[in-house]
Amino acid sequence: MRRTLLVVHHTPSPLTRELLEAVLSGARDPEISGVDVRSVPALGATIPDVLGADGFLFGTPANFGYMSGALKHFFDTVYYPCLDAVAGKPYSAWIHGNNDTVGAGRALESIAAGWGLAQVFGTVRLAEGGRDARERCYELGGTVAAGLSD
């Protein structure tokens, strides 16, 4: 039985896009089988996307100590319609920012807790890019996808 990992992200800059690509590469590692990885921008993600997913990865820049407005809009749009359908499903997240990624993480984790999602990998908070950041994002994607695999 194939499972679906939904990656909902807001990646407006070249660096956040690079981190997304690392997450997707990890989630699509050839050693992981039985998992379809769907990457959907936060402003395009819908209720059917959420209802069709078996696990979630959320990515955002930290903006003034909070997640991006695009990711917040996604949660505002799908939260109540999907409330009873996602409890217990695995999730994790990555956040990039130069200031207060902790506040952005706290907000995202509060929403996920309200949904009843199960955090399977600690939120990855990044202040910079580079090889170490890409490796952490690759590990994040691979770990969450592997948890869904056959």
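See the structure shown above.
Being a predicted model, the structure only gives us computed values, none of them experimental.

## So, unusual backbone geometry
Piece 1. Its identity as a non-glycine residue notwithstanding, F64 has a phi of 55°, on the positive side.
Piece 2. Mapped onto the elements of the fold, F64 is located in the loop between β3 (55–63) and β4 (66–67).

## Some details on the environment of N99
Piece 1. Mapped onto the fold, N99 is located in the loop between β5 (90–96) and α4 (101–115).
Piece 2. It is 21 Å that separates the C-alpha atoms of N99 and A42, two residues lying 57 residues apart in sequence.
Piece 3. In this structure, N99 is in contact with A62, F64 and G65, ignoring residues within four places of it in sequence.

## Some points on helix α3 (residues 69–82)
Piece 1. For α3, built from 14 residues, the straight-helix expectation of 20 Å at 1.5 Å per residue is met to within 8% by its first-to-last C-alpha distance of 20 Å.
Piece 2. The largest bend in α3 is about 25°, located at D76.
Piece 3. Inspection of α3 places A70, L71, F74, F75, V78, Y79 and C82 among the buried residues, and these make up the whole buried set.
Piece 4. Here the buried face of α3 lies against β1 (3–9), α2 (47–51), β3, β4 and α4.

## Notes on the packing of helix α1 (residues 14–27) against helix α5 (residues 131–148)
Packed helices, taken two at a time, are described by the angle their axes make and the gap between the axes.
Piece 1. Packing of α1 against α5 leaves a shortest axis separation of 6 Å and a crossing angle of 40°. Of the possible angle classes, the one that applies to α1 and α5 is oblique. Here the hand of the crossing between α1 and α5 comes out right-handed. Residues E18, L19, A22, V23, S25, G26 and A27 of α1 touch α5, and the partners they reach there are A133, R134, C137, Y138, L140, G141, G142 and A145.

## Here we look at the environment of T11
Piece 1. Looking at the element boundaries, T11 is found in the loop between β1 and α1.
Piece 2. T11 gets classed as buried once you look at its relative accessible area, which sits at 16%.
Piece 3. Residues T11 and T60 lie 49 residues apart in sequence; the distance between their C-alpha atoms is 6.6 Å.
Piece 4. If near-sequence neighbours (up to four positions away) are discounted, T11 is found in contact with T16, R17 and L20.
Piece 5. Separated by 3.2 Å, the side chains of T11 and H9 make a polar contact.

Calculation criteria
Residues numbered from 1 in each chain as written. Predicted model: local features only at pLDDT ≥ 70, side-chain atom pairs only at ≥ 80, totals over all residues. Heavy atoms only, no water. Helix = DSSP H or I, 4+ residues; strand = E, 2+ residues; numbered from the N terminus. Contact = heavy atoms within 4.5 Å. Expected span 1.5 Å × (residues − 1). Bend = angle between axes of the 7 residues up to and from the residue. Buried < 20%, exposed > 50% of the residue type's maximum accessible area, 1.4 Å probe, protein only. Axes fitted to C-alpha atoms, helices over the stretch in contact; angles between N-to-C directions. Parallel < 35°, antiparallel > 145°, perpendicular 65-115°, else oblique. Left-handed = near helix turned anticlockwise from the far one by under 90°. Polar contact = N/O pair within 3.5 Å; in protein donor to acceptor, adjacent residues only side chain to side chain.

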